[in-house]
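So you can see what is in the structure, the chains are spelled out below.
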Amino acid sequence: MQPLRIEVIDRAYAAILATKSPAEKISMVAEANRMARMLAAAGARYLHPDWNEAQIQAEVVRRMTHGAS
């Protein structure tokens, strides 16, 4: 089990987030998730140019779930 890691957010960034509506915050999280999936897919394609799209997407899921799926 990994030790608990507490991350502290920058005060200026926290102030910006405080001005966002719940819908805007959800949108930001969704966009970050989409970008992470795109980067994971690009990395898998780079490392495995012979893989088909189903294999790439399976690798994205594995990376995003830390192998839990």
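Residues numbered from 1 in each chain as written. Predicted model: local features only at pLDDT ≥ 70, side-chain atom pairs only at ≥ 80, totals over all residues. Heavy atoms only, no water.

S.K.: I'm lost on a nonpolar patch on the surface in this one. Help?
M.R.: Together, I9, Y13, I16 and M28 give the surface a local cluster of nonpolar side chains, amounting to about 350 Å² of exposed area. Position of Y13 relative to the elements: it lies in helix α1 (residues 11–18). Taking relative accessible area as the criterion, Y13 reaches 40% and is therefore assigned partly exposed. (Patch = residues over 30% accessible without salt bridge, like charges linked within 9 Å, V, L, I, M, F, W, Y side chains within 5 Å. Areas by Shrake-Rupley, 256 points an atom, 1.4 Å probe, with all protein chains shown as cover. Salt bridge = Lys/Arg side-chain N within 4 Å of Asp/Glu carboxyl O. Helix = DSSP H or I, 4+ residues; strand = E, 2+ residues; numbered from the N terminus. Buried < 20%, exposed > 50% of the residue type's maximum accessible area, 1.4 Å probe, protein only.)

S.K.: Looking at this structure, I do not really get the packing of helix α2 (residues 22–47) against helix α3 (residues 53–64). What am I missing?
M.R.: Angle between the axes and distance between the axes: these two values describe a pair of packed helices. For the pair α2 and α3, interaxial distance at closest approach is 9 Å and the crossing angle is 125°. Put simply, α2 runs oblique to α3. In the packing of α2 onto α3, the handedness of the crossing is right-handed. The residues of α3 that touch α2, namely those facing N33, A36, R37, A40, A41, G43, A44, R45 and L47, are E53, I56, Q57, E59, V60, R63 and M64. For the contact of α2 with α3, the per-class residue count stands at eight nonpolar, three polar and five charged. (Axes fitted to C-alpha atoms, helices over the stretch in contact; angles between N-to-C directions. Parallel < 35°, antiparallel > 145°, perpendicular 65-115°, else oblique. Left-handed = near helix turned anticlockwise from the far one by under 90°. Contact = heavy atoms within 4.5 Å. Nonpolar A, V, L, I, M, F, W, Y, C, P; charged D, E, K, R; others polar.)

Fair warning: the whole summary comes from geometry, so function is off the table for now.
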